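Structural overview for review
Here is what each chain is made of, one letter per residue.
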Amino acid sequence: MSGQACEPCSRRKVRCDKQQPCSNCKRRKQDQCTYPEAQPIDRIKRLESLVRSLGGDPKHENGRPSKRVRTDSAPARQQDARDTPEVERGQPIMLEQDGQPYYVELRAWHSHIDQNGDYRQIGHNHDVLMSRPLVSRTKPDAMKGLMRTDYTLSLSSQHPSIQDANFLWDKFERNANPLMKIDFDWALEQVRSKSTSFEDRTQLNDEDHAFIFCLYLMSIVTLPEQECIEVLHQPKEVLLSHYQAICEQALSRSNIFCITNIIVIKAIVLYIAASIERLSIQSLFSLMGLTIRNAEKLGIHRDGALLGLSPAETENRRRLWWYLQHLDLALGVRCGTTPLTLMADWDARIPLNIEDRDLNLDMTEAPPEHRSLTSLSYCLWTFWIVSQQREFFKDNKGKLGITWASNKNISHARKNILLNIIEQGLNQNFLQYCDPIKPLDIIIQLTSRALICTFRMFTLHPMSFSGSTDMTEDERHSQLMEAAIKSLEYNIALNSRPEIQRFQWYIKGYFQWHAFISVIVEVTQLKASPKAQRIWDLLSDLYTYNKNLHELSEDRRKFHAAELIVKAWKARQTADSSARTPLCVSILEPLLSAHRADVEHVQLQPVGQSLEPVMTDEDLNEILGLEFQDIDWGFWAGME
């Protein structure tokens, strides 16, 4: 047995059993298992490097750090080194074990000296590298019993017909992919080719099956009910339930507790995005936390350029990581919390504004960015906002978190400066290039402006308003209501434009509950005032075009908002009996009656839960007399 790793194993940075030939070279028949001749001077250099990596001094007789006086430049250099994140964490590297890439960051893992000393393979001049296994396979994974995996089920047989598969792929590429972009178009085309071939389906591994079925699930979410019945011959809910079950089976086989393949991360992203309106937000938020932790283990949070990866792989990882942050924030807002990862010290750069066709696997340098909108821009604008929030956080030494707009300790003038930075940045980088006749450009225009209105509304809200000598209380309230009304007008535009209805799955996530409840409280207090008519017209348009608000049983907020609106109208009728019933009230009264009848006829009740109304008439009457600061905003922001 040799005392050193063979040259092929050293080049690939994998563990060598030092046999002749070693087991790795036996498996890779193209490798010639040869061992380097160790020179005494090489052994001495390697041992000295090991001592230095452990903080010792190889020149000192007992290996302890030298006590001799250093020059002025030495401590300065050491201080600079301590200030760099790479030194604090351990310079990150990508290694390979059994053909699988692994990310390594902490220096505690860099335990042995590489026998060959050639570090050019990974593009970094590391003095120590790992030669022992990165992951132990001798112990079982935790909580594995929770995954009810049915290995008797053939995943290949669960694929739809070739015709239906092509239909679902077409819909995904048209309805979902433009607003997700977690993989390159040319990479998706390769997966599509395999999934639409009977022969190739049988060759897919569990991870590939998981990704494809989650893609089908995402595609079905984007379809209208009529299209599901006419083309796929099943009601939409039946299709969703079926593919959700298959997705979960495929994911359970992929072991989501210990993910080693980036395609599984992408599959879970599709699963969460497809389920955000159907499944418990808390469960999805927990799943997202698990997914982000696995992504960190794969090193996706570190920039690929730092890891010496190719431009294509670097961009692929950047897009996935930033979409994870976007989705994590969307879930966190619905849970009423801020994800901790969002402001953590990761360094994956925001993706380049380039087209997929600008990249290929053979490139060694990244292509230049476009100065106009690209196919990535429809995701990139949300990434840019998150990036800007992180810049605020860093520039102010952690004093400005993601909730700065509602932080009462920050002056109103400072909030306006930050808000103007975001608004000007959106205009400069995205909105000035939008074409008002292109559906995706319309979405950027409307959603970004609605978001600015939401920020402005938070800065003016009585619970977060910091005070201003240039603004009276009436002016603050007037500006608050104008921002809330404007936000809902943008939502009406999003739901009424026929050319963007295929993106309804995306538009649903931009409904602003704070603005909605604010105008309801306002119209309640105005009663018979002429100003109230504008809000009643607004609410009528909102319920006319946003059919999602009609589903009172799927979200308690919708039911309680409907009750508030009807109660507010009754209060106005008391003040002005000649007032004409608005359309929104005509829509809501039969919906409320039907919902109450459904609740009364429910026979089976879950153990420990009551079907009594969460909000009584007394509660409603009390709310109708409240001011803005008395509303439980957490109820409306976080309740499902």
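The following paragraphs examine the structure supplied in this document. Note that the coordinates shown come from a computational prediction; the quantities given were computed from them, not determined experimentally.

To continue, consider the overall build of the protein chain. Of the regular secondary structure elements, the protein chain holds 25 helices and two strands. Within the structure as shown, the protein chain displays about 32400 Å² of accessible surface, and the carbon and sulfur contribution to it stands at 50%.

The subject of this paragraph is the packing of aromatic side chains. A full pass over the atoms with the stated rule returns 17 aromatic pairs. Plain terms: the ring middles of tyrosine 216 and tyrosine 243 are 6.1 Å apart, the flat faces sit at 75° to each other, and that makes the pair edge-to-face. A residue pair is termed long-range when its members are at least 10 positions apart, and tyrosine 216 in helix α9 (residues 206–221) and tyrosine 243 in helix α11 (residues 236–253) qualify at 27 residues. Of the residues examined, tyrosine 216 reaches a relative accessible area of 0% and is grouped as buried. Geometrically, the ring pair formed by tryptophan 404 and phenylalanine 455 is stacked, given 5.6 Å between the ring centres and 10° between the ring planes. Here phenylalanine 455 lies in helix α17 (residues 439–460) and tryptophan 404 lies in the loop between α15 (377–395) and α16 (412–429), a separation of 51 residues in the sequence. Given the relative accessible area of 0%, tryptophan 404 is considered buried. Judged by its relative accessible area of 10%, phenylalanine 455 is buried. An aromatic cluster is defined as three or more aromatic residues linked by ring pairs; in this entry it consists of Trp321, Trp322, Trp346 and Phe383. For the cation-ring pair, arginine 390 lies above tryptophan 346, with the distance from its terminal atom to the ring centre recorded as 3.6 Å. Positioned over the ring face of phenylalanine 465 is arginine 476, at 6.0 Å from the centre of the ring.

In this section: the pattern of salt bridges. For the structure on display, the rule yields 19 salt bridges. The salt bridge partner of glutamate 499 is arginine 497, with a shortest N-O separation of 2.8 Å. Relative accessible area serves as the criterion here: at 27%, glutamate 499 is assigned to the partly exposed category. A salt bridge links glutamate 563 to arginine 596, with the nearest nitrogen and oxygen atoms 3.2 Å apart.

Right, let's get into the environment of aspartate 200. The topology assignment puts aspartate 200 in helix α8 (residues 198–201). Take aspartate 200: its relative accessible area is 29%, and that puts it in the partly exposed class. Along the primary structure aspartate 200 and serine 156 are separated by 44 residues, whereas in three dimensions their C-alpha atoms are 9.4 Å apart. Setting aside chain neighbours within four positions, we find aspartate 200 in contact with Ser193 and Lys194.

On to the side chain of glutamine 325. Position of glutamine 325 among the secondary structure elements: in helix α14 (residues 311–335). Overall, glutamine 325 belongs to the buried group, its relative accessible area being 1%. Those residues in contact with glutamine 325, other than ones at most four positions away along the chain, are Ile292, Thr341, Leu342 and Trp346.

Attention shifts here to helix α6 (residues 162–176). The end-to-end C-alpha distance of α6, which contains 15 residues, comes to 20 Å, matching closely the 21 Å that a straight helix rising 1.5 Å per residue would cover. Every buried residue belonging to α6 is among Asp164, Ala165, Phe167, Leu168, Trp169, Lys171, Phe172, Asn175 and Ala176, and all of these are buried.

Glancing now at helix α13 (residues 281–297). One full turn of an α-helix is made of 3.6 residues, so residues set three or four places apart face in the same direction. Across its 17 residues, α13 extends 24 Å between first and last C-alpha, which sits within 8% of the 24 Å expected from 1.5 Å per residue. Listed as buried for α13 are Ile281, Leu284, Leu287, Met288, Thr291, Ile292, Asn294 and Ala295. Summarising the axial view, the buried residues of α13 lie within an arc of 160°, below the 170-degree limit, and thus occupy one face. In this structure, α13 carries Gln282 and Arg293 as exposed residues pointing more than 90 degrees from its buried face. Its side-chain oxygen at 3.3 Å from the backbone nitrogen of glutamine 282, serine 280 defines the N-terminal cap of α13. After α13 finishes, the residue glycine 299 shows a positive phi value of roughly 80°.

What follows covers the packing of helix α18 (residues 473–496) against helix α20 (residues 513–526). Between two packed helices, the angle of one axis relative to the other and the distance separating the axes together describe the packing. For the pair α18 and α20, the least separation of the axes is 9 Å and the interaxial angle reads 125°. Taken as axis vectors, α18 and α20 run oblique relative to one another. Of the two possible hands of crossing, α18 and α20 adopt the one that is left-handed. On α20, the residues that touch His477, Met481, Ala484, Ile485, Ser487 and Leu488 of α18 are Ala515, Phe516, Ser518, Val519 and Glu522. Taken together, the residues of the contact of α18 with α20 sort by class into seven nonpolar, three polar and one charged.

You can see aspartate 356 is positioned in the loop between α14 and α15. Only 2.9 Å separates the side chain of aspartate 356 from the side chain of lysine 181, close enough to count as a polar contact. Within polar-contact distance, the side chain of aspartate 356 engages the backbone nitrogen of aspartate 185 at 2.8 Å. Those residues in contact with aspartate 356 that lie beyond four places of it in its chain are Lys181, Asp183, Phe184, Asp185, Trp186 and Arg319.

In this structure, Met218 and Trp404 are the most contacted members of the largest nonpolar core, which totals 108 residues. Once residues within four sequence positions are removed from consideration, methionine 218 is found in contact with Phe172, Ala176, Met180, Leu270, Ala273, Ala274 and Trp505. Core analysis: the second largest hydrophobic core is formed by 43 residues, Phe465, Ala484, Ile485 and Leu592 among them.

Tracing the backbone shows aspartate 328 in helix α14. Along the backbone, aspartate 328 and leucine 340 are 12 residues apart, and their C-alpha atoms lie at a distance of 9.8 Å. Sequence-distant contacts of aspartate 328, defined by excluding residues within four places in its chain, comprise Phe285, Met288, Ile292 and Pro339.

Each value, and the rule that gives it
Residues numbered from 1 in each chain as written. Predicted model: local features only at pLDDT ≥ 70, side-chain atom pairs only at ≥ 80, totals over all residues. Heavy atoms only, no water. Helix = DSSP H or I, 4+ residues; strand = E, 2+ residues; numbered from the N terminus. Areas by Shrake-Rupley, 256 points an atom, 1.4 Å probe, with all protein chains shown as cover. Phe/Tyr/Trp six-rings, centres within 6.5 Å; stacked < 30°, edge-to-face > 60°. Buried < 20%, exposed > 50% of the residue type's maximum accessible area, 1.4 Å probe, protein only. Lys NZ or Arg CZ within 6 Å of the ring centre and 35° of its normal. Salt bridge = Lys/Arg side-chain N within 4 Å of Asp/Glu carboxyl O. Contact = heavy atoms within 4.5 Å. Expected span 1.5 Å × (residues − 1). Arc of directions from axis to C-beta. Polar contact = N/O pair within 3.5 Å; in protein donor to acceptor, adjacent residues only side chain to side chain. Axes fitted to C-alpha atoms, helices over the stretch in contact; angles between N-to-C directions. Parallel < 35°, antiparallel > 145°, perpendicular 65-115°, else oblique. Left-handed = near helix turned anticlockwise from the far one by under 90°. Nonpolar A, V, L, I, M, F, W, Y, C, P; charged D, E, K, R; others polar. Core = buried A, V, L, I, M, F, W, Y, C linked by side-chain atoms within 4.5 Å.

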